[in-house]
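Single-letter residue listing:
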Amino acid sequence: MTGSLVVVGTGPGKAELMTPATTTALALATDLVGYGPYLDRVPVTRDQCRHASDNRVELDRARHALTLAAQGRQVVVVSGGDPGVFAMASAVFEAVETGDPAWRALDIRVEPGVTAMLAAAAEVGGPLGGDFCAISLSDNLKAWTTIERRLRAAAEADFVIALYNPASRARPDQLGTAFDLLRAIKSAETPVLFVRAAGTAETKVAMTTLAAADPAHADMRTLVLVGASTTRLVAREGRSPWVYTPRSERGVRP
Ligand code: SAH
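A brief report on the enclosed structure follows. Quick caveat, the model's predicted, so the values are computed rather than measured. (Residues numbered from 1 in each chain as written. Predicted model: local features only at pLDDT ≥ 70, side-chain atom pairs only at ≥ 80, totals over all residues. Heavy atoms only, no water.)

## What about the overall build of the protein chain?
This is how it is decided: A run of H or I in DSSP becomes a helix once it reaches four residues, and a run of E becomes a strand once it reaches two; helices and strands are each numbered from the N terminus. C-alpha atoms define the radius of gyration, and 2.2 Å times the number of residues to the power 0.38 defines the globule rule. Burial here depends on accessible area, computed with a 1.4 Å probe over protein chains only, as a share of the maximum for the residue type. Under 20% is buried, over 50% is exposed, and the range in between is partly exposed.
Along its length, the protein chain carries 7 helices and 13 strands. Scaling as 2.2 N^0.38, a compact globule of 254 residues should have a C-alpha radius of gyration of about 18 Å, and the protein chain matches this with 20 Å. Structurally, the protein chain occupies a C-alpha span of about 60 × 40 × 35 Å along its principal axes. The buried share among the 254 residues of the protein chain stands at 45%.

## Focus on the sheet that holds strand E12 (residues 232–236)
Inclusion rule: Should DSSP find at least two bridges between two strands, the strands are regarded as paired.
Spatially, 3 strands are ordered E6-E13-E12 in an open sheet, and the strand pairing comes out mixed. Each edge of the sheet is formed by a strand with only one pairing partner; in this case those strands are strand E6 (125–126) and E12. As defined by bridge partners, E12 adjoins strand E13 (residues 239–244) across 4 bridges and the pair is classed as antiparallel. Looking at E13, one finds that leucine 233 is bridged to valine 243.

## Re the sheet that holds strand E1 (residues 4–9)
Which entries qualify depends on this criterion: For helices, the fitted line uses only the C-alpha atoms of the stretch in contact; every axis is such a line through C-alpha atoms, and the angle between N-to-C directions lies from 0 to 180 degrees.
The sheet built from 5 strands is open, its strands ordered E3-E2-E4-E1-E5 with parallel pairing. Only two strands of the sheet have a single partner each, and these edge strands are strand E3 (49–53) and strand E5 (107–110). Here the average twist between neighbouring strands, direction ignored, is 15°. Inspection of the sheet shows E1 paired to E5 by 4 bridges, in the parallel sense. What sits directly across from leucine 5, in E5, is isoleucine 108.

## As for the environment of leucine 210
Heads up, the rule is: Whether two residues touch is decided by their heavy atoms; if any such pair falls within 4.5 Å, the residues are in contact.
Note that leucine 210 resides in the loop between strand E10 (204–209) and strand E11 (222–226). On the basis of relative accessibility, which here comes to 0%, the residue leucine 210 falls in the buried class. Between the C-alpha atoms of leucine 210 and leucine 66, which are 144 residues apart in sequence, the distance is 44 Å. Not counting the four nearest positions on each side in its chain, leucine 210 is found in contact with Phe179, Leu182, Arg183, Lys186, Ser187, Ala188, Thr190 and Val192.

## Things to note about the nonpolar core
To be explicit about the condition: For our purposes a nonpolar core is just a set of buried Ala, Val, Leu, Ile, Met, Phe, Trp, Tyr and Cys residues, chained together by side-chain atoms within 4.5 Å.
Leu151 and Leu163 are the most contacted members of the largest nonpolar core, which has 23 residues in total. Sequence-distant contacts of leucine 151, that is, excluding residues within four places in its chain, are made with Ile135, Leu137, Leu163, Ala178, Leu181 and Leu182. Listed in part, the 18 residues of the second largest apolar core include Val7, Ala62, Leu68 and Val77.

## So, the pattern of salt bridges
Once the charged atoms of two side chains with opposite charge are near each other, the side chains can pair. As a reminder, the rule being used: For salt bridges, the criterion is a side-chain nitrogen of Lys or Arg within 4 Å of an Asp or Glu carboxyl oxygen.
Considering all chains together, one arrives at 7 salt bridges under this definition. Between arginine 73 and aspartate 31 there is a salt bridge, with its nearest N and O atoms 2.6 Å apart. Highlighted residues: arginine 73 in the loop between helix H3 (58–70) and strand E4 (74–79) and aspartate 31 in strand E2 (residues 31–35), separated in sequence by 42 residues. Take arginine 73: its relative accessible area is 31%, and that puts it in the partly exposed class.

## Quick look at the site of the ligand
To keep it simple, the criterion reads: Throughout this document, a residue counts as near a molecule or strand when at least one of its heavy atoms sits within 4 Å of that molecule or strand. Think of a polar contact as two N or O atoms within 3.5 Å of one another; within protein, one of them needs to be a possible hydrogen donor and the other a possible acceptor, and neighboring residues in sequence only count if both atoms come from side chains. Here, Shrake-Rupley sampling with a 1.4 Å probe gives the accessible areas, and only protein chains in the shown set may cover a residue. Gly is placed with the polar residues, together with every amino acid not listed as nonpolar (Ala, Val, Leu, Ile, Met, Phe, Trp, Tyr, Cys and Pro) or charged (Asp, Glu, Lys and Arg). What counts as a domain boundary in this text is fixed by an automatic or database domain assignment.
Near the ligand there are 19 residues, and of these Asp82, Val85, Thr115, Met220 and Thr222 occur at the shortest range. One of the backbone N or O atoms of glycine 80 is found 2.9 Å from a nitrogen atom in the ligand. Here valine 85 contributes a backbone N or O atom positioned 2.8 Å from a nitrogen atom of the ligand. When the ligand is considered free in solution it has 550 Å² of accessible area, and contact with the protein chains removes 92% of it. Tallied by class, the residues present in the shell around the ligand amount to 12 nonpolar, 5 polar and 2 charged. Structurally, the shell around the ligand is a two-domain feature, drawing no fewer than three residues from each of domain 1 (4–110) and domain 2 (116–244).

## Regarding the side chain of threonine 190
Structurally, threonine 190 can be placed in the loop between helix H7 (174–183) and strand E9 (191–196). Looking at threonine 190, its side chain comes within polar contact range of the main-chain oxygen of serine 187, at 2.6 Å. Residues within four places of threonine 190 in sequence aside, it is in contact with Thr208, Thr209, Leu210, Val226 and Gly227.

## Concerning the packing of helix H6 (residues 144–156) against H7
What counts here: The hand of a helix crossing depends on one turn: near helix anticlockwise from the far one by less than a right angle means left-handed, and clockwise means right-handed.
Interaxial distance between H6 and H7 falls to 9 Å at its minimum, and their mutual angle equals 35°. Pair H6 / H7 crosses with right-handed handedness. Between H6 and H7, the contacting residues are Trp144, Glu148, Leu151, Arg152 and Ala155 on the first element and Gln174, Thr177, Ala178, Leu181 and Leu182 on the second.

## Here we look at the packing of aromatic side chains
So the rule is basically this: Under the pairing criterion, centres of Phe, Tyr and Trp rings, with the six-membered ring standing for Trp, must be within 6.5 Å; the plane angle then separates stacked pairs below 30 degrees from edge-to-face pairs above 60, leaving the rest tilted. Both a distance and an angle decide whether a charge sits over a ring: NZ of Lys or CZ of Arg must be within 6 Å of the ring centre and within 35 degrees of the ring normal.
One pass over the structure, following the stated rule, counts 3 aromatic pairs. An angle of 65° between the planes, with centres 5.0 Å apart, marks the rings of phenylalanine 86 and tyrosine 164 as edge-to-face. Here phenylalanine 86, found in the loop between E4 and helix H4 (88–98), pairs with tyrosine 164, found in strand E8 (residues 160–164); they are 78 residues apart in sequence, far enough to count as distant. Where phenylalanine 179 meets phenylalanine 194, the ring centres are 6.1 Å apart and the plane angle is 80°; that geometry is what we call edge-to-face. One end of the pair, phenylalanine 179, is in helix H7; the other, phenylalanine 194, is in strand E9, with 15 residues separating them in the sequence. On the basis of relative accessible area, phenylalanine 179 is assigned to the buried category, the value being 1%. The aromatic ring of tryptophan 242 is capped on one face by arginine 236, whose charged end is 4.0 Å from the ring centroid.

Take a look at the structure:
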């Protein structure tokens, strides 16, 4: 049988936020390849081989998946969220580009998923209604100076900024450094949202301002949203406000 490789994302966590196309791909797989905690979200099927790995060896994992597909297996590579956003799709294509030329003839497909930024935005209202950007604060694969340059450019362009990978035990100070850099450019009153475990049953939202933003609120399951100058709060009695960014840069219409 001809092998295949599908790269999928399980969404932010809740089963309903996994797409039906992803569910189908998972059900048809003979082999699942991915980081252990993401594989744990996938219902167990009889006769399916699971190849769990640690999170730091993306290229090796991609090569392993391609080797299995070349042997005729129906392989699914599993990421969280969307597989193309700071995740496995790039590693798979990098492995194809640099690996066995025969891999280019394989049947490889990517299924989109609900990325953390979209799940987090939905928890708080409509913060991504204007222009926005996503920046990963992880400097495992790029220099911190690159991250600082992009943060500065995003602040100067007045994008709403979604920060992925805002914190880790190995890099406790970087989110604080990022906030300092943004404070030098953006208003102190800019809304900042820490959305933890968005799109799951354990979601927690902490809302503050750039002036008061405390990096201790973020962990590896948190998406940080930093507003644009146009981002607004709609107050509610006894509940935290909705947050949205108007579509119009002229602000709120009368
Ligand atoms: N491919 C994933 C992102 C991987 S990077 C996606 O599309 O969502 C990992 C980072 O994503 C985490 O450090 C965190 O910042 C964010 N993240 C992933 N799931 C999340 C969730 N349910 N809630 C909030 N942030 C999440």
